[in-house]
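# Examining the three-dimensional arrangement
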Amino acid sequence: MKATLLRLTRSHLFWPCVTLVLLCLVNVHFNPGFFDIEIKDGHLYGSVIDILNRAAPLMLIAMGMTLVIATRGIDISVGATVAIAGAVAASLIGGSLVIKEGVQTYVSNTPMPLAFAAALAVALLCGLWNGLLVAGAGMQPIVATLILMVAGRGVAQLITEGQIVTVYYEPFFFIGNGFIFGIPVSLYIVAAVLGILLLLTQRTALGLFIESVGINPVASRFSGISARALVFWVYAFCSVTAGIAALIITSNVKSADANNAGLLLELDAILAVALGGTSLSGGRFYLIGTLVGALIIQTLTYAIYSLGVPPEINMVVKAIVVFGVCIIQSPALRDLLLKHALRSGGPA
Amino acid sequence: MKLAGTINTRTLPLLVTSVLFALLFGFGSVSYDNFFSVQVFLNLLIDNAFVTVVAIGMTFVILTGGIDLSVGSIVALTTMVTAALVEQHHWSIWAVVPLVLAMGALFGLLMGSLIHYFRMQPFIVTLGGMFLARGLCYVISIDSIAITDPTYAAVSEYRIAFGEEAFLSVSAIIALLTLALAIFLAQYTRFGRTVYAIGGNERSALLMGLPVGRTKMLVYTLSGFCSALGGVLVTFYMLSGYGLHALGLEMDAIAAAVIGGTLLTGGVGYVAGSLVGVMILGVIQSLIAFDGSLSSWWTRIAIGVLLCSFCLMQRLLEHGGTNLGFLFSYWKKPEEQADTAK
């Protein structure tokens, strides 16, 4: 029993999960019906489902970010990528009013699959650009992605011509608001991406390669891993996840706003990764932990809303969480605790 | 002979920046009527006084190889605290300004201590600081607070005339004074030399017995102080306190430092270069404003393109100028990569 408990607390998922459970309890305290799930209009309905649905874009981006951070990098351009991809999707689909068989309906300007492909291709392009700067030109990741972060919103506004592009095409709303078998569509997307990633990183050597590049890039190169190519594609992948998230976000709010779509999303994604137990200095990464981290952030937001304090206060709480997580992760604190434990004679 | 000696890889970015500024200003003068005047030039200083001050603090941080993402938020927090104290509690300007400056410095010191004592990455600590300061703005008030205090209005409107038609604002004078002080600090004091040494190689600086930890904390304190001073200048400029003031200013400040020739890996650069960097950002905005047909988002794209070209130029200079092979030489210098990655 004790051994199981010890193994449980040693698991990297233990603390993130405890945090999530505590947050849920806070929510239950202020809103007794927090865990209630009912079936309305043929699909599941409730706070938990709402949190899961709203956390979907963050979960997607945070998964891409996990891989980037595992290679010792960082991608602060995901918010701008979301704005660009969202702008492309919204302006390609748009929607114009036509009368079909005597009924007024909206049709998309471009076939929807084509618009999706275009949005994802543009996101991929953003990622290739980041990858080129980081892996090709050898720039520091934060600087390389800063460039796209600064210029990206400008590009997005160029696409939307400074307007908020509203989408009227009904089928497009399905990704952000639709349900399959009662469960939000966005969750299927998250599950699919997670499945692919888990398969690639745990059933093939890819995960090991990514970790080894993060732990020691030089040694990995000497042992025959093409570190450059790996880093390059990791950035490309991260931007693609941002592209998928952009589709969900755009579909959910039915419009693309170049200024505010995905604003500060990069910070949330980094926070989710850190909360999930992945060290920000690269190396070991935990995809499931990241998902729990994203859920923590969304649950926290929900709790703050239900407490009735202004949502902007959320930032103070997040800041405190960032500091707390980083101090716990810091080797300096561990040394300090170890010293303390040694001095008092007990085991650490 | 002597000229060839002075144009080395360290001063070249600054030289390129200055030439670029002259070219942009010249282009504006040729293209638009009334662009070529002393006042348009001085307006660049007036409108960008707070950016200049913030960029100066940022330059010191980048010179040590760190980064400070919290500057924009500290500016916003400063405006908010100032506005709340002046308007709602009727404090005197002479009490409020020293208080907010001390607050900014303390904020920076706290972040610096976290970075030094807990060996946390500057990026993540200042990111937390950014959230915290923005959030605290909203704790004070979610809405904008207008400053109607007559002293503030007087300072805001006061102009110092130079000759017939040229004038400068108080903010611009403060920015120039800060710049002069910063140049002195960076070039002629022990603190400045330690900053450069840390940026060059932190371990060597430590082995040389330099006070690395103290200097790093002081650098973030200085950046916090400069941000607070920038915030005070914003209150003069906007006459209001608002949680959304200076959104994205950190990016402008970093861009100004990089365009001004400061190497992001630390150790190389000049504080004066950041002024030129800020002026370039300003002249781009002026050009777009004078043109009238271009939309404001072109500013963001132009800054991004400039940032990118200067970063690439830095990489080029690091690898000895003519050799373009650096584009294909990732992890070429293992020890350097390992150092910067930390």
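Residues numbered from 1 in each chain as written. Chains lettered and ligands numbered in written order. Predicted model: local features only at pLDDT ≥ 70, side-chain atom pairs only at ≥ 80, totals over all residues.

## Focus: the overall build of chain B
A tally of regular secondary structure across chain B gives 16 helices and 4 strands. Counting all 342 residues of chain B, 48% fall into the buried class. Within chain B, counting contacts between residues at least 6 apart in sequence, those at least 24 apart form 78% of the total. (Helix = DSSP H or I, 4+ residues; strand = E, 2+ residues; numbered from the N terminus. Buried ≥ 20, exposed ≤ 12 C-beta atoms within 10 Å, placed from the backbone. Contact = placed C-beta atoms within 7 Å.)

## What about the overall build of chain A?
Helix and strand counts for chain A stand at 15 helices and 8 strands. For 348 residues, the compact-globule formula gives about 20 Å, and the C-alpha radius of gyration of chain A, at 22 Å, lands near that figure. When the 348 residues of chain A are sorted by exposure, 48% land in the buried category. When contacts within chain A are restricted to residue pairs at least 6 apart in sequence, those whose partners lie at least 24 apart make up 75%. (Rg over C-alpha atoms; globule rule 2.2 N^0.38 Å.)

## As for the packing of helix α5 (residues 71–88) of chain B against helix α7 (residues 122–140) of chain B
In a pair of packed helices, the angle between the axes and the distance between the axes together describe the arrangement. Residues and elements named next belong to chain B. Two elements in contact, α5 and α7, have axes separated by 8 Å at closest approach and are oriented at 20°. Between α5 and α7, the interaxial angle falls into the category roughly parallel. Here the hand of the crossing between α5 and α7 comes out left-handed. From α5, S73, I74, A76, L77, M80, V81 and A84 reach across to α7, where they touch M130, A133, R134, L136, C137 and I140. Split into classes, the residues belonging to the contact of α5 with α7 amount to 11 nonpolar, 1 polar and 1 charged. (Axes fitted to C-alpha atoms, helices over the stretch in contact; angles between N-to-C directions. Parallel < 35°, antiparallel > 145°, perpendicular 65-115°, else oblique. Left-handed = near helix turned anticlockwise from the far one by under 90°. Nonpolar A, V, L, I, M, F, W, Y, C, P; charged D, E, K, R; others polar.)

## Regarding the pairing of strand β2 (residues 159–162) of chain B
All names here are of chain B. Relative to strand β3 (residues 166–169), β2 is paired through 4 bridges, and the arrangement is antiparallel. Among the inter-strand pairings, F162 is bridged to a residue of β3, identified as A166. Following β2, the chain reverses through 3 residues before pairing antiparallel with β3; G163 in that reversal takes a positive phi of roughly 70°. (Pairing = 2+ DSSP bridges.)

## What to know about the nonpolar core
Counting residues in each nonpolar core, the largest one holds 210 residues, and the members touching the most others are I84(A), A89(A), A119(A), V54(B) and L307(B). Here this core gets 17 residues from one element, more than from any other, and that element is helix α11 (residues 227–253) of chain A. In this view, I84(A) contacts V122(A), C126(A), G152(A), V155(A), A156(A) and I159(A); residues no more than four positions away in its chain are not counted. (Core = buried A, V, L, I, M, F, W, Y, C linked by C-beta atoms within 7 Å.)

## Things to note about helix α4 (residues 78–93) of chain A
Residues and elements named next belong to chain A. Taking 1.5 Å per residue, 16 residues should reach 22 Å; α4 reaches 22 Å between its end C-alpha atoms and fits that length. Of all 16 residues that make up α4, 16 are buried, and the element is covered over most of its length. In the segment just after α4, G94 is the residue with positive phi, at about 50°. (Expected span 1.5 Å × (residues − 1).)

## Digging into the interface of chain A and chain B
Each partner contributes residues to the interface: chain A has 42 residues there, and chain B has 45 residues. The set of elements that each furnish at least two residues to the side of chain A that touches chain B consists of α5 (112–136), α6 (141–160), α10 (217–222), α11, α14 (314–329) and α15 (331–343) of chain A. No other element matches α6(A), which puts 12 residues into the side of chain A that touches chain B. Among the residues making up the side of chain A that touches chain B, the classes are represented as 29 nonpolar, 7 polar and 6 charged.

## What about the environment of L263(A)?
Residue and element names in this part refer to chain A. The topology assignment puts L263 in the loop between β8 (255–256) and α12 (265–275). For L263, a count of 16 C-beta atoms within 10 Å corresponds to the partly exposed category. Considered as a pair, L263 and A83 are 180 residues apart in the sequence and their alpha carbons are 8.4 Å apart.

## Structural notes on unusual backbone geometry
A positive phi angle, close to 60°, is found at K254(A), a residue other than glycine. Secondary-structure assignment places K254(A) in the loop between α11 and β8. Despite not being glycine, H90(B) has its phi angle at roughly 55°, a positive value. Summarising the element assignment, H90(B) is placed in the loop between α5 and α6 (93–117).

## Focus on helix α2 (residues 14–30) of chain A
Residues and elements named next belong to chain A. If you check α2, its first and last C-alpha atoms are 25 Å apart, about what 17 residues at 1.5 Å a residue would give, namely 24 Å. Those residues of α2 lying buried are P16, T19, C24 and N27. Buried positions in α2, seen along its axis, are confined to an arc of 135° and lie on one side of it. Facing away from the buried surface of α2 by more than 90 degrees, the exposed residues are V18, V21, L22, L25 and H29. (Arc of directions from axis to C-beta.)

## Some words on the confidence of the model for chain B
Residues and elements named next belong to chain B. Mean pLDDT for chain B: 84, with 90% of residues reaching 70 or above. Here residues 1–6 is modelled with pLDDT under 50, and outside its nearest four sequence neighbours on either side it reaches 1 contact, counting other chains as well. Scored below 50 in pLDDT, residues 321–342 shows 24 contacts in the model against residues more than four places distant or in partner chains. (pLDDT = per-residue confidence, 0-100.)

## Some remarks on the environment of Y302(A)
Residues and elements named next belong to chain A. Examined against the element boundaries, Y302 turns out to sit in helix α13 (residues 287–307). Remark: the alpha-carbon pair of Y302 and S47, spanning 255 residues in sequence, is separated by 8.7 Å. Residues in contact with Y302, not counting those within four places in the same chain, are N27, S47 and I51.

## Concerning the packing of helix α9 (residues 170–188) of chain B against helix α14 (residues 271–291) of chain B
All names here are of chain B. Where α9 contacts α14, the two axes come as close as 8 Å, and the packing angle between them is 145°. Contacts from L179, A182, I183 and A186 of α9 reach α14 at V271, A272 and L275. Split by residue class, the contact of α9 with α14 holds 7 nonpolar, no polar and no charged.

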